[in-house]
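# Reading the structure
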Amino acid sequence: MKATGVVRRIDDLGRIVIPKEIRRTLRIRDGETMEIYVDRELVALKKYSPMDDLEDISKRFVEAIYQTLKQKQNIIVTDRDKVIAAAGNLKKKYLGKIISSYLEKVIEEREFVTQKDNAKLKLLGNDVEEEDASFVICPIIANGDSVGLVIILSYERGITEIEEKVAKITAQFLEKYIEE
């Protein structure tokens with residue numbers, strides 16, 4: 001952990017203001033939920049994501065789907081900030097990386113997006129690299145909040161009704177898992 005040099009006073013209601021630059025750097029949005037950790041004299045804040053609890057189950061679930069489809073699709077699951085699970089040949093490339101502003105917009109707008117013919121899709125926030133594929137993007141909505149996405153990319157053949165249904169089923173499974 002590194003010091004920022006920023007010192008803040010706690011107000012009479014016990015609040016501390018996190019400077020705008022730090023919020024921007026850490027991608028903390030207004031109204032976002034923070035988790036509080038305490039260790040002796042250290043108080044740490046971490047962005048709370050209900051998807052954090054789903055990383056392990058998401059990884060296993062997308063691997064099972066990938067094996068079942070036996071196609072050359074890539075399956076990706078994100079939370080609001082990063083890729084938390086992936087299966088296929090893009091797994092190492094994307095796992096743990098920050099998502100693009102386009103995907104953030106899809107999460108915010110709760111869009112179901114299908115591109116049946118190959119098109120450019122920017123998945124990562126800091127990279128200029130794009131995937132040229134057909135794809136389906138399905139939001140994960142749990143307890144009324146849009147918490148992430150399921151993305152299926154196909155390179156050799158367009159997106160079919162099967163991939164659309166698989167994306168919806170995966171999103172619904174993860175939604176139910178979060179809600180329980």
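Let us look at the structure shown here. Computed from a predicted model, the values in this text were never measured in an experiment.

How each quantity is defined
- Residues numbered from 1 in each chain as written.
- Predicted model: local features only at pLDDT ≥ 70, side-chain atom pairs only at ≥ 80, totals over all residues.
- Heavy atoms only, no water.
- Pairing = 2+ DSSP bridges.
- Helix = DSSP H or I, 4+ residues; strand = E, 2+ residues; numbered from the N terminus.
- Buried < 20%, exposed > 50% of the residue type's maximum accessible area, 1.4 Å probe, protein only.
- Arc of directions from axis to C-beta.
- Contact = heavy atoms within 4.5 Å.
- Core = buried A, V, L, I, M, F, W, Y, C linked by side-chain atoms within 4.5 Å.
- Axes fitted to C-alpha atoms, helices over the stretch in contact; angles between N-to-C directions.
- Polar contact = N/O pair within 3.5 Å; in protein donor to acceptor, adjacent residues only side chain to side chain.

### Notes on the pairing of strand β2 (residues 42–47)
Two elements, strand β1 (residues 34–39) and β2, share six bridges in a ladder whose sense is antiparallel. For M34, the partnering residue across the bridge sits in β2 and is K47. Between the antiparallel neighbours β1 and β2 lie two residues, among them R40 with a positive phi of about 55°.

### A few points about helix α4 (residues 101–109)
Those residues of α4 that fall on the buried side of the exposure criterion are L103, E104, V106 and I107. All buried residues of α4 project into a common sector of 160° when viewed along the axis, lining one side. Buried-residue contacts for α4 involve β3 (74–78), β5 (113–121), β6 (131–142) and β7 (145–154). Positive phi appears at R110, one or two residues downstream of α4, with a value of about 55°.

### Points about the nonpolar core
The biggest cluster of nonpolar side chains holds 22 residues, and the ones touching the most others in it are V77, I140 and V150. Contributing elements (two or more residues each) for this core: α2 (55–69), β3, β4 (83–87), β6, β7 and α5 (161–179). When residues of this core are assigned to their parent elements, the largest contribution, five residues, is made by α5. Residue contacts for V150: discarding those within four places in its chain leaves I76, V77, V136, I137, C138, I140, A167, T170, A171 and L174.

### Describing the sheet that holds β5
Sheet strands line up and pair through hydrogen bonds in the backbone, either parallel or antiparallel. The antiparallel open sheet is built from five strands, whose spatial order is β4-β3-β7-β6-β5. If you trace the sheet from one side to the other, it starts and ends with β4 and β5, each paired once. Ignoring strand direction, the axes of neighbouring strands in this sheet form an average angle of 25°. Looking at chain direction, β5 and β6 are connected through six bridges and run antiparallel. For K120, the partnering residue across the bridge sits in β6 and is D132.

### Observations regarding the side chain of T170
The residue T170 is located in helix α5 in this model. A polar atom in the side chain of T170 sits 2.8 Å from the backbone oxygen of V166. Not counting the four nearest positions on each side in its chain, T170 is found in contact with F61, I65 and V150.

### Here's the deal with the pairing of β3
For β3, the buried fraction is high: five of the five residues fall into the buried class. Both faces of β3 are covered, namely the face carrying N74, I76 and T78 and the face carrying I75 and V77. Bridge count between β3 and β4: four bridges; the pairing is antiparallel. Along β4, the bridge assignment pairs I75 with A87. Hairpin connection from β3 to β4: four residues lie between these consecutive antiparallel strands.

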